[in-house]
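Commentary on secondary and tertiary structure
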Amino acid sequence: MKNRRRALVLAGTAAALVATLIAAAPAPAAPTASTASAAPAASKLAAGHGGGTVAYSYVPKEHDIRFTVDADAAPWSRPFPAPGGEQGMPVDARGKVTVYHAMPEENFTAVAEAEVDCLVTGGRTATVTAVVTSSNVGWEGKRIGISVQDGERGAPDRVGFSWGIANVDVQPDGSVSEPRVGTCMAPAPFTEVTKGGFKVTPAPLAPRPKP
């Protein structure tokens, strides 16, 4: 069971930090009809869709690691209780992310499903965050960050994720922890997709809605 709870922390160095994980904030409230209607019309909204198996050198080659991302921009749809947050953010989004990691030597597959709360694009790259709603490794309530890159001119698509080799905080006393992932925070897409792929639809940030 201890190894299974470490399953999604893929790098060997990061696996030792699992016991000190800091829980992410609860999932934001779902957008209401009134706030959704307040968002300005846009001719084009950002999106990121697809799924793929990735190559990751820090686990045995027999492991099967896959990501699926279905994220659509929903600007200004998630208000939060802070000054300036009454209308939400231009990067608000909706959708779903799934993380799948099969480990044959343990006869176990780790799975986490998460609800998208943020999406931002730049060129052929999208950064998405999502709050885990169900998992078999104790990740419920944790926000995760995923980046995907839509390859061009024969280049492979790529994926990055906010655990394993990133997001480690070393304290002055030498203790370590994994800080909470903020909305739309994820590392660059550092792994190659070996099967499948992703489609990124870039779009500028939506203008602020009128009062």
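First things first, this report covers the structure right here in the doc. Keep in mind that this is a model prediction, so the values were computed, not measured.

Let's shift gears to the overall build of the protein. Regarding its fold elements, the protein presents 3 helices and 10 strands. Starting at the N terminus and walking to the C terminus, you meet the elements of the protein as α-α-α-β-β-β-β-β-β-β-β-β-β. Burial statistics for the protein: of 211 residues in total, 43% are counted as buried. Summarising the internal contacts of the protein: among those between residues at least 6 apart in sequence, 62% fall at separations of at least 24. When the accessible surface of the protein is summed, it comes to about 10700 Å², and 56% of that surface belongs to carbon and sulfur atoms.

Before going further, it helps to examine the side chain of Asp150. Examined against the element boundaries, Asp150 turns out to sit in the loop between strand S6 (143–149) and strand S7 (158–161). By relative accessible area, Asp150 is classed as buried at 10%. A distance of 3.4 Å separates a polar atom in the side chain of Asp150 from the backbone nitrogen of Val200.

Right, let's talk about the state of the cysteines for a bit. Enumeration according to the criterion identifies 1 disulfide in this entry. The residue that forms a disulfide with Cys118 is Cys184, at a sulfur-sulfur distance of 2.0 Å. On the sign convention where negative means left-handed, the S-S torsion of about -100° between Cys118 and Cys184 marks this disulfide as left-handed. Linking Cys118 in strand S4 (residues 108–122) with Cys184 in the loop between strand S9 (176–177) and strand S10 (191–201), this pair joins segments that are 66 residues apart in sequence.

It is worth spelling out the sheet that holds S4 at this point. Strand order around the closed barrel formed by 8 strands is S1-S2-S3-S4-S5-S6-S7-S10, with antiparallel pairing between neighbours. Strand-to-strand twist of the sheet, defined as the mean angle between neighbouring strand axes without regard to direction, takes the value 30°. As paired strands, strand S3 (residues 93–103) and S4 are joined by 8 bridges and run antiparallel to one another. Pairing of Ala102 across the sheet is with Thr109, part of S4.

Let us look at unusual backbone geometry. Residues other than glycine seldom take positive phi values, yet Asn107 does so here, at roughly 55°. Structurally, Asn107 can be placed in the loop between S3 and S4. Asn107 sits in the exposed class, given a relative accessible area of 70%. Even without a glycine there, the phi angle at Asn167 is positive, about 65°. Within the secondary structure, Asn167 is located in the loop between S7 and strand S8 (169–170).

Here we come to the pattern of salt bridges. Under the counting rule described, the total for this entry stands at 7 salt bridges. We note a salt bridge from Asp64 to Arg66, for which the minimum N-O separation is 2.6 Å. A relative accessible area of 38% places Arg66 in the partly exposed class. Among the ionic pairs, Asp150 bridges to Arg124, the shortest N-O distance being 3.5 Å. Of this pair, Asp150 sits in the loop between S6 and S7 while Arg124 sits in the loop between S4 and strand S5 (125–135), and the two are 26 residues apart along the sequence. Overlapping salt bridges, with partners in common, bring together Arg124, Asp150 and Glu152 in one network.

Aromatic ring pairs are described here by two measures, namely the spacing of the ring centres and the angle between the planes. Tallying each qualifying case throughout the model produces 8 aromatic pairs. Plain terms: the ring middles of Tyr56 and Tyr58 are 5.3 Å apart, the flat faces sit at 70° to each other, and that makes the pair edge-to-face. In textbook terms, an aromatic cluster arises when at least three aromatic residues are bridged by ring pairs, as seen for Tyr56, Tyr58, Phe67, Trp139, Phe161, Trp163 and Phe190. One cation-aromatic arrangement involves Lys142 over Trp139; the distance from NZ or CZ to the ring centre is 5.1 Å.

This brings us to the nonpolar core. Core analysis: the biggest nonpolar cluster contains 35 residues, and Phe67, Val97 and Ile146 have the highest contact counts within it. Mapped by element, the contributors of at least two residues to this core are strand S2 (64–73), S3, S4, S5, S6, S7 and S10. No other element matches S4, which puts 6 residues into this core. Residue contacts for Phe67: discarding those within four places in its chain leaves Gly50, Gly51, Gly52, Val54, Thr98, Val99, Ile146, Val159, Phe161, Trp163 and Phe198.

Quick notes on the rules
- Residues numbered from 1 in each chain as written.
- Predicted model: local features only at pLDDT ≥ 70, side-chain atom pairs only at ≥ 80, totals over all residues.
- Heavy atoms only, no water.
- Helix = DSSP H or I, 4+ residues; strand = E, 2+ residues; numbered from the N terminus.
- Buried < 20%, exposed > 50% of the residue type's maximum accessible area, 1.4 Å probe, protein only.
- Contact = heavy atoms within 4.5 Å.
- Areas by Shrake-Rupley, 256 points an atom, 1.4 Å probe, with all protein chains shown as cover.
- Polar contact = N/O pair within 3.5 Å; in protein donor to acceptor, adjacent residues only side chain to side chain.
- Disulfide = S-S within 2.5 Å.
- Pairing = 2+ DSSP bridges.
- Axes fitted to C-alpha atoms, helices over the stretch in contact; angles between N-to-C directions.
- Salt bridge = Lys/Arg side-chain N within 4 Å of Asp/Glu carboxyl O.
- Phe/Tyr/Trp six-rings, centres within 6.5 Å; stacked < 30°, edge-to-face > 60°.
- Lys NZ or Arg CZ within 6 Å of the ring centre and 35° of its normal.
- Core = buried A, V, L, I, M, F, W, Y, C linked by side-chain atoms within 4.5 Å.

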